[in-house]
Amino acid sequence: MEKKQTEAGKNVITDEIMEYVGILAKLELSVEEKQAAKKDMERILDYVGKLNQLDTSGVEPMSDIFSVSNVFREDQVEHKDGAEDALANAPKRRGQAFVVPRTVDL
(Lines give C-alpha, C1' and ligand atoms only; values in the text may rest on other atoms or scores of the structure.)
Protein backbone atom coordinates (compact mmCIF):
# COMPACT_ATOMS: atom_id res chain seq x y z
CA MET A 1 0.00 0.00 0.00
CA GLU A 2 1.41 3.31 -0.95
CA LYS A 3 0.06 6.80 -1.11
CA LYS A 4 -0.48 8.28 -4.51
CA GLN A 5 0.10 11.79 -5.78
CA THR A 6 -1.71 13.57 -8.55
CA GLU A 7 0.04 15.66 -11.19
CA ALA A 8 -0.50 18.76 -9.05
CA GLY A 9 1.45 17.11 -6.21
CA LYS A 10 -1.61 16.62 -4.02
CA ASN A 11 -1.74 13.45 -1.93
CA VAL A 12 -4.51 10.95 -2.62
CA ILE A 13 -5.60 8.43 -0.01
CA THR A 14 -7.13 5.31 -1.56
CA ASP A 15 -10.09 3.36 -0.19
CA GLU A 16 -7.69 0.48 0.47
CA ILE A 17 -5.56 2.69 2.71
CA MET A 18 -8.65 3.94 4.55
CA GLU A 19 -9.77 0.35 5.21
CA TYR A 20 -6.30 -0.53 6.49
CA VAL A 21 -6.15 2.51 8.79
CA GLY A 22 -9.63 1.68 10.07
CA ILE A 23 -8.54 -1.85 10.90
CA LEU A 24 -5.39 -0.63 12.67
CA ALA A 25 -7.32 1.98 14.65
CA LYS A 26 -10.18 -0.46 15.29
CA LEU A 27 -12.68 2.03 13.91
CA GLU A 28 -16.01 1.32 12.29
CA LEU A 29 -16.75 4.34 10.12
CA SER A 30 -19.74 5.08 7.96
CA VAL A 31 -19.21 5.91 4.29
CA GLU A 32 -19.57 9.64 5.05
CA GLU A 33 -17.10 9.43 7.94
CA LYS A 34 -14.59 7.57 5.75
CA GLN A 35 -14.84 10.26 3.06
CA ALA A 36 -14.37 13.05 5.63
CA ALA A 37 -11.41 11.24 7.23
CA LYS A 38 -9.90 10.64 3.78
CA LYS A 39 -10.07 14.37 2.96
CA ASP A 40 -8.60 15.28 6.37
CA MET A 41 -5.71 12.84 5.91
CA GLU A 42 -4.99 14.20 2.44
CA ARG A 43 -4.90 17.76 3.80
CA ILE A 44 -2.56 16.68 6.61
CA LEU A 45 -0.19 14.99 4.15
CA ASP A 46 -0.23 18.06 1.90
CA TYR A 47 0.64 20.28 4.86
CA VAL A 48 3.48 17.99 5.96
CA GLY A 49 4.73 18.10 2.38
CA LYS A 50 4.87 21.89 2.59
CA LEU A 51 6.79 21.66 5.87
CA ASN A 52 9.29 19.29 4.25
CA GLN A 53 10.11 22.01 1.71
CA LEU A 54 11.47 24.31 4.45
CA ASP A 55 15.23 24.71 4.67
CA THR A 56 16.14 23.51 8.18
CA SER A 57 19.84 22.92 7.53
CA GLY A 58 20.91 25.60 10.04
CA VAL A 59 18.41 24.66 12.73
CA GLU A 60 19.73 22.67 15.66
CA PRO A 61 17.57 19.67 16.63
CA MET A 62 15.53 20.25 19.76
CA SER A 63 14.98 17.61 22.42
CA ASP A 64 13.00 19.78 24.84
CA ILE A 65 11.17 23.07 24.58
CA PHE A 66 12.65 24.26 27.89
CA SER A 67 16.35 24.99 28.22
CA VAL A 68 17.04 22.80 31.24
CA SER A 69 20.64 21.77 31.67
CA ASN A 70 20.33 19.41 34.64
CA VAL A 71 17.03 18.10 35.91
CA PHE A 72 18.56 15.95 38.63
CA ARG A 73 19.08 17.13 42.18
CA GLU A 74 20.08 15.56 45.46
CA ASP A 75 17.24 14.19 47.56
CA GLN A 76 16.54 16.31 50.61
CA VAL A 77 14.17 15.45 53.46
CA GLU A 78 11.95 18.49 53.91
CA HIS A 79 9.29 17.22 56.30
CA LYS A 80 8.24 14.14 58.24
CA ASP A 81 6.03 11.51 56.65
CA GLY A 82 3.49 11.66 59.52
CA ALA A 83 4.10 8.11 60.77
CA GLU A 84 4.38 9.19 64.42
CA ASP A 85 1.14 11.16 64.21
CA ALA A 86 -0.66 8.18 62.62
CA LEU A 87 0.62 5.79 65.30
CA ALA A 88 -0.22 8.15 68.18
CA ASN A 89 -3.80 6.83 68.44
CA ALA A 90 -2.98 3.15 67.85
CA PRO A 91 -4.34 0.86 70.60
CA LYS A 92 -1.21 -1.28 70.25
CA ARG A 93 1.94 -0.74 68.29
CA ARG A 94 5.25 -2.48 67.71
CA GLY A 95 7.99 -0.12 66.59
CA GLN A 96 6.70 1.80 63.57
CA ALA A 97 3.70 -0.52 62.93
CA PHE A 98 0.15 -1.09 64.18
CA VAL A 99 -0.56 -4.35 66.00
CA VAL A 100 -3.94 -5.74 64.89
CA PRO A 101 -5.85 -8.85 65.93
CA ARG A 102 -5.30 -11.95 63.84
CA THR A 103 -8.14 -12.54 61.39
CA VAL A 104 -7.01 -15.78 59.75
CA ASP A 105 -6.18 -19.01 61.62
CA LEU A 106 -3.05 -20.72 60.36
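Refer to the structure above for everything that follows.
Keep in mind that what you see is a predicted model, and the values were worked out from it rather than measured.

Participant: How do you make sense of the overall build of the protein when you look at a structure like this?
Facilitator: A tally of regular secondary structure across the protein gives 3 helices and 4 strands. Listing the helices and strands of the protein from first to last along the sequence gives β-β-α-α-α-β-β. Here the C-alpha atoms of the protein give a radius of gyration of 30 Å, more than 25% beyond the 13 Å that 2.2 N^0.38 yields for 106 residues. Across its three principal axes, the protein shows a C-alpha extent of roughly 85 × 45 × 25 Å. A buried classification covers 10% of the 106 residues belonging to the protein. Of the contacts formed within the protein by residues at least 6 apart in sequence, a portion of 26% connects residues at least 24 apart.

Participant: Just to check I follow, could you spell out the side chain of Lys38 for this structure?
Facilitator: Here Lys38 shows up in helix H2 (residues 31-52). There is a polar contact of 2.4 Å between the side chain of Lys38 and the side chain of Asp15. Apart from residues no more than four positions distant in its own chain, Lys38 is found in contact with Ile13, Thr14, Asp15 and Met18.

Participant: What am I meant to see in a nonpolar patch on the surface here?
Facilitator: On the surface, a cluster of nonpolar side chains totalling about 770 Å² of accessible area is made up of Met62, Ile65, Phe66, Val68, Val71 and Phe72. Mapping Met62 onto the fold places it in the loop between H2 and helix H3 (83-87).

Participant: What is the right way to look at the packing of helix H1 (residues 15-25) against H2 in this model?
Facilitator: A pair of packed helices is captured by two measures, namely the crossing angle of their axes and the spacing between those axes. The contact between H1 and H2 brings their axes to 11 Å, and the two run at 100°. On the basis of their axis angle, the class for H1 and H2 is roughly perpendicular. Of H2, the residues touching H1 (which contributes Asp15, Met18, Glu19 and Val21) are Lys34, Gln35, Ala37, Lys38 and Met41. Its residues placed into classes, the contact of H1 with H2 shows 4 nonpolar, 1 polar and 4 charged.

Participant: How do you make sense of the pattern of salt bridges when you look at a structure like this?
Facilitator: Two side chains bearing opposite charge may form a pair once their charged atoms approach each other closely. Here the structure, examined in full by the defined rule, presents 4 salt bridges. The salt bridge partner of Asp40 is Arg43, with a shortest N-O separation of 3.1 Å. Here Asp40 and its partner Arg43 are both found in helix H2, 3 residues apart, which amounts to about one turn of the helix. Measuring nitrogen to oxygen at the nearest pair gives 3.3 Å for the salt bridge that ties Glu84 to Arg93. Given the relative accessible area of 41%, Glu84 is considered partly exposed. Overall, Arg93 belongs to the partly exposed group, its relative accessible area being 37%.

Participant: What exactly am I supposed to notice about the environment of Ala37 here?
Facilitator: Topologically, Ala37 is positioned in helix H2. According to the relative accessible area criterion, Ala37 is partly exposed, its value standing at 21%. For the pair Ala37 and Val104, spaced 67 residues apart in sequence, the C-alpha to C-alpha distance is 59 Å.

Criteria and cut-off values
Residues numbered from 1 in each chain as written. Predicted model: local features only at pLDDT ≥ 70, side-chain atom pairs only at ≥ 80, totals over all residues. Heavy atoms only, no water. Helix = DSSP H or I, 4+ residues; strand = E, 2+ residues; numbered from the N terminus. Rg over C-alpha atoms; globule rule 2.2 N^0.38 Å. Buried < 20%, exposed > 50% of the residue type's maximum accessible area, 1.4 Å probe, protein only. Contact = heavy atoms within 4.5 Å. Polar contact = N/O pair within 3.5 Å; in protein donor to acceptor, adjacent residues only side chain to side chain. Patch = residues over 30% accessible without salt bridge, like charges linked within 9 Å, V, L, I, M, F, W, Y side chains within 5 Å. Areas by Shrake-Rupley, 256 points an atom, 1.4 Å probe, with all protein chains shown as cover. Salt bridge = Lys/Arg side-chain N within 4 Å of Asp/Glu carboxyl O. Axes fitted to C-alpha atoms, helices over the stretch in contact; angles between N-to-C directions. Parallel < 35°, antiparallel > 145°, perpendicular 65-115°, else oblique. Nonpolar A, V, L, I, M, F, W, Y, C, P; charged D, E, K, R; others polar.

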